[in-house]
Amino acid sequence: MRPAIRAARADDQPALVALDELCFGPEAWSTVGWSDEFERVSEDRVILVADEGAVVGYVVLLLPPVVEDVVEVLRIAVAPDERRTGIGGQLMTAALERCAGRTVLLEVALSNESARGLYAGFGFEEISRRRGYYGDGEDAVIMRWRIDE
Ligand SMILES: CC(C)(COP(=O)(O)OP(=O)(O)OC[C@H]1O[C@@H](n2cnc3c(N)ncnc32)[C@H](O)[C@@H]1OP(=O)(O)O)[C@@H](O)C(=O)NCCC(=O)NCCS
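Residues numbered from 1 in each chain as written. Predicted model: local features only at pLDDT ≥ 70, side-chain atom pairs only at ≥ 80, totals over all residues. Heavy atoms only, no water.

### Structural notes on the sheet that holds strand β7 (residues 140-146)
The 7 strands lie next to each other as β1-β2-β3-β4-β5-β7-β6, forming an open sheet whose pairing is mixed. Only two strands of the sheet have a single neighbouring strand rather than two, namely β1 (4-7) and β6 (125-130). On average, each strand axis in the sheet is tilted by 25° relative to the strand beside it, whichever way the strands run. The pairing of strand β2 (residues 45-51) with strand β3 (residues 55-62) spans 7 bridges and is classified as antiparallel. Residue pairing in the sheet places Val46 in a bridge with Leu61 of β3. Along the sheet, helix α1 (residues 13-24) contacts β2, β3 and β4 (70-78); its crossing angle with β3, the most-contacted strand, is approximately 90°. Contacts from helix α4 (residues 113-121) reach β4, β5 (103-109), β6 and β7, with the element oriented near 160° to β5. (Pairing = 2+ DSSP bridges. Helix = DSSP H or I, 4+ residues; strand = E, 2+ residues; numbered from the N terminus. Axes fitted to C-alpha atoms, helices over the stretch in contact; angles between N-to-C directions. Contact = heavy atoms within 4.5 Å.)

Shown next as structure tokens:
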């Protein structure tokens, strides 16, 4: 069964905190961090979840006007035992539907082949690198998507 993609609700927060911890370990957002994200939904955030009865994936977008006409993908993840079944693609499709006419940017660790594969499949292109950007010294790859390119 394909999960439904829907806007996150306040009662999804515990599931998101747990799934983020599972997917990102020490780099996970805290409970307070997630609360901040939810508070900003009325301002400049979109949080979508993949719902199969349980939350199995999510994507968080930063909308303009932080940077005019630019949307940033802040986070996307799928539960480890649900990966490679198309859920990341479903989430990204739903996210990009909300980005019509805008440039979409994201950053991804150079070694993150699954995420880079996902993004490349949607037409994201590398535009630059930030050397040693991450705490472990790894480079970040900056990727850009624009529907009309
Ligand atoms: C990146 C991530 C969200 C992909 O989710 P997913 O549900 O597995 O993605 P999909 O099944 O929709 O895959 C879509 C495409 O992405 C690419 N892809 C996904 N996993 C891949 C892998 N391990 N290696 C290479 N390409 C991969 C493929 O092109 C795939 O298409 P295909 O299966 O037809 O070949 C998931 O691997 C994840 O949660 N990773 C950990 C969190 C993370 O690093 N997030 C990104 C940084 S914020």
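### A word on unusual backbone geometry
Here the phi dihedral of Arg84 falls at roughly 65°; this positive angle occurs in a residue that is not glycine. Assessed through its relative accessible area of 87%, Arg84 is described here as exposed. (Buried < 20%, exposed > 50% of the residue type's maximum accessible area, 1.4 Å probe, protein only.)

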